[in-house]
Amino acid sequence: MTDFAEIWSYLSQGPLMWLTATLAAYAIGDACFRAAGKSPLANPVLIAVVLLAGLLHLTATPYAVYFEGAQFVHFLLGPATIALALPLFDVLPRLRRSLLPALAALIVGSATAAVSALAIAYALGVRGEVLASLAPKSATAPVAIGISQGIGGSPTLTAVLVILTGITGAIIATPLLNLMGLRDWRARGFAVGVTSHGIGTARAFQVNPTAGAFAGMGMALNAIATAVIAPLALSLFQ
Amino acid sequence: MLHALLAILACQLIGETLARVLQAGLGLGLPGPVLGMILMLGLMRASARFTALIRPVAQGILANLSLLFVPAGVGVVGHLGTLGSQTVAILLAVVGSTILAIAAGAVTFAVVARITGSSDD
């Protein structure tokens, strides 16, 4: 048993173990997601976060030690944002044909997401760092985390709010838009992409290919729009 | 692979530099990676060869996009204690704003598309 303790104390000091654990937890989360028929409720990120949080708790590992390994994954958020240029590039010809409706829906959707979230939370007594963390939650995670850091929010809290927003949108979009009687797949997809980024976009592709393409467009455009709108919206409440 | 990664990191580096310059000069708080994304989009429009070079690497990164927010998500566990009574308020804000934003965005798109006669064909 002393051997095991020695191995543990060696491995738990380096980045390798927690980097491996991060990938393993996500692989398990992704397997659950596929087994559940890609239901938005079985979100692989939430599953991975719960598994890792439990593991850190059981092994009494501080987050700072965990992050020494996980930082290699975290770093890729920046390059991933650059890579989002590709889906945007691919939909540019279709975007040109729907430019005015898309721009109008982008501004209205992005501003509604930020202002209404801040207004509801403010009315219920939320202030300071937690309030700031809410403002960019409709943008895709790498962008939202970057914005949150810039406006005095908590990047880790924003990461979880981004995921919750994505799951909420993926679940309610279809029943909500059916109830409203909206049949334009472009409008439906675009609004879901603006509001619920990648998780909403993945859901939109399951429902309708046009909705999926326009959701991807909405997600990419809102990555840019949120950078401008979130700080403005937050300034209304400070 | 090597050149595509180099191009992506170079766009990010230029974006980060530009973000600092804009912040210092104009007080504009745009994230560096977003500026890098706009630069990358411009380069893709300028050269089809460049786009073909970037495509497989960008697709590889984006296929695993969700994985990248696991480390930050784990960090929220340390926050749970501080959230406490605010948890319900935050959940209501997330759900309420998501419903409002999807409805407002979809209606705006549909109405403006009708006014301008825009269709997808």
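Sequence positions are assigned chain by chain, starting from 1 and proceeding in written order. Key to labels: chains lettered from A, ligands numbered from 1, both in the order written. Predicted model: local features are reported for residues with pLDDT of at least 70 only, side-chain atom pairs are reported and counted for 80 or more only, and whole-chain, interface and lining totals are derived from all residues. With hydrogens and water excluded, all non-hydrogen atoms of the structure serve as input to the side-chain values.

When helices and strands are tallied, chain B shows six helices and zero strands. Only the C-alpha atoms count toward the radius of gyration. The rule for a globule is 2.2 Å times the residue count to the power 0.38. Against the compact-globule benchmark of 14 Å for 121 residues, chain B has a radius of gyration of 20 Å, which places it well outside the compact range. With respect to the principal axes defined by its C-alpha atoms, chain B has extents near 50 × 50 × 35 Å. In what follows, a contact means two residues having at least one pair of non-hydrogen atoms within 4.5 Å. In chain B, of all internal contacts separated by at least 6 residues, the share reaching a separation of at least 24 is 45%. With an accessible surface of roughly 6100 Å², chain B has 70% of that area assigned to carbon and sulfur atoms. In DSSP terms, a helix is any run of H or I states spanning at least four residues, a strand is any run of E spanning at least two, and both are numbered starting from the N terminus. Only the protein chains shown count as cover for residues, with accessible areas throughout obtained via the Shrake-Rupley method and a probe of 1.4 Å.

In this section: a nonpolar patch on the surface. Patch definition: residues with relative accessible area over 30% and no salt bridge; like charges joined within 9 Å; nonpolar side chains (Val, Leu, Ile, Met, Phe, Trp, Tyr) joined within 5 Å. The rule for a salt bridge is simple: a side-chain nitrogen of Lys or Arg has to be within 4 Å of a carboxyl oxygen of Asp or Glu. Taken together, A:I7, A:Y10, A:L11 and A:L16 make up a surface patch of nonpolar side chains, about 440 Å² in accessible area. In terms of residues, the nonpolar patch owes the most to one element, helix α1 (residues 2–11) of chain A, which gives three residues.

For the rest of this paragraph, the subject is the layout of surface pockets. Think of a ball as big as a water molecule: rolled over the atoms, this probe shows where empty space is left. Grid spacing is 1 Å over the protein atoms alone, the probe is 1.4 Å, and a cavity is where that probe fits but cannot get out, while a pocket is an open set with protein on both sides within 12 Å along at least five of seven lines and lining residues have an atom within 4 Å of a point. Grid points are joined across faces, edges and corners, and a volume is the space filled by probe spheres set on the points. Considered as a void within the structure, the largest pocket measures approximately 990 Å³ in volume. Lining of the largest pocket is provided by 37 residues; of these, A:G198, A:A202, B:L62, B:A63 and B:S66 occupy positions nearest its centre. Those elements that place two or more of their residues in the lining of the largest pocket are α2 (15–35), α6 (85–97), α11 (185–207) and α12 (209–235) of chain A together with α3 (48–63) of chain B. Top contributing element to the lining of the largest pocket by residue count: α11(A), with eight residues. Basically, the charged four are Asp, Glu, Lys and Arg, the nonpolar ten are Ala, Val, Leu, Ile, Met, Phe, Trp, Tyr, Cys and Pro, and anything else, Gly included, counts as polar. In the lining of the largest pocket, the residues fall into 19 nonpolar, 12 polar and six charged.

Another point: empty space enclosed by the protein. All names here are of chain A. Enumeration according to the criterion identifies two cavities of 30 Å³ or more in this entry. Each pocket or cavity is described by its volume, and for the largest cavity that value is around 90 Å³. The set of elements that each furnish at least two residues to the lining of the largest cavity consists of α10 (155–180) and α11. Broken down by element, the lining of the largest cavity gets its largest block of residues, seven residues, from α11. Taken together, the residues of the lining of the largest cavity sort by class into seven nonpolar, two polar and two charged. What the second largest cavity holds in volume is close to 30 Å³. S110, A113, A114, A135, S138, T226, I229 and A230 are the residues that line the second largest cavity. Secondary structure elements with two or more residues in the lining of the second largest cavity: α7 (99–123) and α12. Looking at the lining of the second largest cavity residue by residue, the class counts come to five nonpolar, three polar and no charged.

Turning to the domain arrangement of chain B, a few remarks are in order. Those domain boundaries reflect an automatic or database domain assignment. Here chain B is described as being made up of domain 1 (1–67) and domain 2 (81–121). Using C-alpha coordinates to define each centre, domain 1 of chain B is positioned 28 Å away from domain 2 of chain B.

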